[in-house]
Amino acid sequence: AMWATLGLAAESTPQANQARPNIVYFLVDDLGYADVGFMGSRDIRTPSIDRLANEGVVLTSFYVQPVCSPTRSALMTGRYVTQTGVYSVVRPGAPWGLPLAERTLPQALREAGYTTAICGKWHLGEFQPEYMPTRRGFDHQYGHMFGALDYFTHLRDGKHDWYRDDKPLEEKGYTTHLIAREACRLIRAQPADKPLFLYVPFNGVHSPYQVPEEYRKAYPLLRGNRQAMAAMLAAVDEAIGQIAAALEERGLRENTLIIFSSDNGGPAPGRVSRNTPLRAGKGTIYEGGVRACAFATWPGRIPAGTTISEPMHAVDWYPTLLKVAGAPLEQKLPLDGLDVWPMLTQGAKSPHDAILLAGTSPSKMALRMGDWKLRVDAGEWDAAGVKWSAARAELYNLAEDIGESKDLAESQPQKVKEMRDRLAIFLRDAVPPGQEAASRATGRRTEAHQQ
């Protein structure tokens, strides 16, 4: 009965009942919207990624947060950053992280009988042991706590950042290679009678732009950091191919749901990355900052070779994956994410009437409703919430103007008011940034960073 509710074909039910799916989530760091083949890239080749994308559904309106940690918090909790306080990046040693009251995706899947593993970047806090991955639901942890570490020495600002099961690990090698090797090892070691949740958040293709020289040879016509990023992406593409091959080798590919996305739009658009045809990039709440290249594939369950332009947000994976895994959705904290399984498998409309696109502070917000997008600089944030008096609004029709070049706010005052009112409902219970709460608690001021 459960499988029938998932929108799976009746003839697939006996096979589907054999095992709940393995779930593999590939999160690529700072990848541009148009820097993969399946999104039309002409100067960068991503054959392994494209092969998987073509076997499933490409999501052209998949929304994330504008920077790293906030997207991870949305994915791990099914809750907007206005509920978790993770608006911006958790810096090394910062006295805050994803609040401990949050129930995480690996916690919920582990309760449902899954082995849970993270290979790559955590980025949701490490200042106390309770904030680290093995205390947040992961059976296995491998990789690093922060971004922007050296790909070869594994140092970040002179400090070691490489761990196994949350304990420092001295190890040589290019991080993308090491992450792939560990992911393949876990797949090969997984007991046949137990499903696996494997979360693979690569540090590629985030700066620093470092890559073994042989990967650059494929891109003699590219220059500077764009060439380095393309070569780094070639290493990530190779890694994803190796992990997919390990699933096939174990006979697990048929019963594995694979999801792929970037964590935010590409940085330095036009120079390092490409977010064409979207406006701007990482750190902004224009489409180029918050719309990510993405796909989902599961042979026989998600129709192959399809594209969905209906909007969804990273928060939607939490309830959708719990449903697919047969994990209970009941929990103390309310979810913002909605079940998108009918959208992915049956051509249903987006379950959202509106999607919140939060910036790196509570004063920068956007809202998508249907084809309309409202962007607001809301002025200051105080204990009472957002001060709307200083708010400046921009309005775009994404169906006609995906590049957000024509601001319609003046000509459509009624639409602006309708969307402001809807946004106000979203922000009614918004919490202050976690770093602000931490600085108040410790009596220190911490800066808001957007890198």
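Structure shown above.
It should be emphasised that the depicted structure is a prediction, and the values quoted were computed from it without experimental measurement. (Residues numbered from 1 in each chain as written. Predicted model: local features only at pLDDT ≥ 70, side-chain atom pairs only at ≥ 80, totals over all residues. Heavy atoms only, no water.)

What about the packing of helix H7 (residues 175-189) against helix H9 (residues 224-249)?
Running from N to C, H7 and H9 point in directions that differ by 10°, and their axes come no closer than 9 Å. Comparing their axes, H9 and H7 come out roughly parallel. Every residue of H9 that contacts H7 at Thr176, His177, Ala180, Ala183, Cys184, Ile187 and Arg188 is listed here: Ala235, Val236, Glu238, Ala239, Gln242, Ile243, Ala246, Leu247 and Glu249. In terms of residue class, the contact of H7 with H9 is made up of 10 nonpolar, three polar and three charged. (Axes fitted to C-alpha atoms, helices over the stretch in contact; angles between N-to-C directions. Helix = DSSP H or I, 4+ residues; strand = E, 2+ residues; numbered from the N terminus. Parallel < 35°, antiparallel > 145°, perpendicular 65-115°, else oblique. Contact = heavy atoms within 4.5 Å. Nonpolar A, V, L, I, M, F, W, Y, C, P; charged D, E, K, R; others polar.)

Concerning the sheet that holds strand S17 (residues 364-369)
One open sheet accounts for four strands, arranged S16-S17-S18-S21; its pairing is antiparallel. The sheet is open, and its two borders are formed by strand S16 (355-358) and strand S21 (392-397), each paired with just one other strand. Sheet twist, expressed as the average angle between the axes of neighbouring strands with direction ignored, equals 20°. Sheet topology note: the S17/strand S18 (residues 372-377) ladder contains six bridges and is antiparallel. Of the residues in S18, the one forming a bridge with methionine 369 is tryptophan 372. Helix-sheet contacts for helix H13 (residues 413-427) involve S16, S17, S18 and S21, and the interaxial angle to S17 is about 115°. (Pairing = 2+ DSSP bridges.)

What about the packing of aromatic side chains?
Throughout the structure, instances matching the rule amount to 15 aromatic pairs. An aromatic cluster of at least three residues, connected via ring pairs, comprises Tyr25, Trp122, Phe138, Phe197 and Tyr199. Over the ring of tyrosine 286 we find arginine 279; its NZ or CZ atom is 3.8 Å from the centre of that ring. One residue, arginine 422, lies across the ring of phenylalanine 426, its end atom 4.5 Å from the ring centre. (Phe/Tyr/Trp six-rings, centres within 6.5 Å; stacked < 30°, edge-to-face > 60°. Lys NZ or Arg CZ within 6 Å of the ring centre and 35° of its normal.)

Looking at the packing of helix H3 (residues 47-54) against H9
The contact between H3 and H9 brings their axes to 7 Å, and the two run at 50°. Judged by the angle between their axes, H3 and H9 are oblique. Contacts from Pro47, Ser48, Ile49 and Leu52 of H3 reach H9 at Leu233, Asp237, Ile240, Gly241 and Ala244. For the contact of H3 with H9, a count of residues per class yields six nonpolar, two polar and one charged.

In short, shape yes, function no, at least from these values alone.
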